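A structural walkthrough
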Amino acid sequence: MNKRIMKKTVLLLSSIIVITNVLWLYLYWDKDVEVALNSDVSFYSLHGTGENWDVHDYKIIITPDKILRGHASLSYKGDPAELSQSTFFEYKFYENNDRGEKEVVYANEFRSYNGPLSILNNIKDTGSLTGEYSHGELEKGRANYESSLLEIIWQDNEGRQHTETINLELDKEIKIRAEE
């Protein structure tokens, strides 16, 4: 009787091991198929011109598993002295989502309570954000990126807050297709 229980236990454990190995193999194989289907790399460079600000070389780089946004440079068209005592500066990059609504995809805010910010020194490179795909990201394409815009909010020397929205235009588009 003990031998019979032992055989059933070994058979049950063996079955569990086989089933879990098959499941892991399926999940691993399925992941490889997904990466192979989305193995293209896309690069977009955008620019824009506003009344007070210009945007140069805003980049969007899409790889099989991540997306990078940023590394733009901003230039102020007015007198730099107008911003020398500013204590607030913010920018937000927007894209259309899969429902056609504008959503913030990259933003940064600078605030000072103990003196002025050095706005013009900090806008030569807006920095970047790299992350895994968020909900609806895989449905985006060139049309979504072409409709990007930048909102800049800043405070002048007199403490007045200003807002400017700049529509971005596509400068360059590069697509690299993976051969299998």
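None of these values were measured; they are calculated from a predicted model.

Another aspect to go through is unusual backbone geometry. You will see that Asp57, though not glycine, has its phi angle at about 55°, which is positive. Phi angles above zero are rare outside glycine, and His71 is one such case at about 55°. With respect to the helices and strands, the residue His71 is situated in the loop between strand 3 (66–70) and strand 4 (73–76).

This part takes up the pairing of strand 6 (residues 102–111). In this sheet, strand 6 lies alongside strand 5 (residues 88–96) in antiparallel orientation, the contact comprising nine bridges. Looking at the pairing, Phe88 lines up with Arg111 of strand 6. Linking two consecutive strands that pair antiparallel, namely strand 5 and strand 6, is a turn of five residues; a positive phi of about 80° is found at Gly100 within it.

Turning our eyes to something else, we now look at the nonpolar core. Trp53, Val55, Tyr58, Leu74, Phe89, Phe93 and Ile152 are the most contacted members of the largest nonpolar core, which has 26 residues in total. Those elements giving two or more residues to this core turn out to be strand 1 (41–49), strand 2 (53–62), strand 4, strand 5, strand 6 and strand 8 (149–155). Sort the elements by how many residues they give to this core and strand 2 lands first, with five residues. Look past the residues within four positions of Phe93 in its chain and what remains in contact with it is Val55, Tyr58, Ala72, Glu103, Val104, Val105, Tyr106, Leu149, Leu150 and Leu168.

Quick look at the sheet that holds strand 9 (residues 161–167) now. Strand order in this open sheet of four strands is 6-5-8-9, and the pairing throughout is antiparallel. Here the strands that pair on one side only, and so sit at the sheet edges, are strand 6 and strand 9. In this sheet, neighbouring strand axes are inclined to one another by 15° on average, regardless of whether the strands run parallel or antiparallel. Both strand 5 and strand 8 contribute to a ladder of six bridges, which runs antiparallel. Opposite Glu90, over in strand 8, you have Ile153 as the bridge partner.

Under the criterion given, the structure shown has 12 aromatic pairs. Between the aromatic rings of Trp53 and Trp154, the centroid separation amounts to 5.5 Å while the plane-to-plane angle is 75°, which identifies the pairing as edge-to-face. With Trp53 in strand 2 and Trp154 in strand 8, this pair connects stretches of sequence that are 101 residues apart. Both residues of the pair, Trp53 and Trp154, belong to the buried class. Through successive ring pairs, a cluster of aromatic residues spans Trp53, Tyr58, Tyr76, Phe89, Tyr91, Phe93, Tyr106, Phe110 and Trp154.

Quick notes on the rules
The residue count restarts for each chain, going from 1 along the sequence in the order it is written. With pLDDT at 70 or above as the cut-off, local features in this predicted model cover only qualifying residues; side-chain atom pairs require 80 or more to be listed or tallied, and sums for whole chains, interfaces and linings still use all residues. The side-chain numbers reported here are obtained from all heavy atoms of the structure, hydrogens and water having been left aside. Put simply, DSSP marks the helices as runs of H or I at least four residues long and the strands as runs of E at least two long, and each gets a number from the N terminus on. Two strands form a pair only when DSSP identifies at least two bridges running between them. Residues enter a nonpolar core if they are buried and are Ala, Val, Leu, Ile, Met, Phe, Trp, Tyr or Cys, with the set joined through side-chain atoms within 4.5 Å. We call a residue buried when its accessible area falls under 20% of the maximum for its residue type, exposed when it is over 50%, and partly exposed in between, using a 1.4 Å probe and counting protein chains only. Contacts were defined at the residue level, with two residues in contact if any of their heavy atoms lie within 4.5 Å. Axes here mean lines fitted to C-alpha atoms, for a helix over just the part in contact, with angles spanning 0 to 180 degrees between N-to-C directions. Classification of ring pairs uses Phe, Tyr and Trp, with its six-membered ring standing for Trp, and accepts pairs whose centres are within 6.5 Å; under 30 degrees between planes counts as stacked, over 60 as edge-to-face, and the remaining range as tilted.

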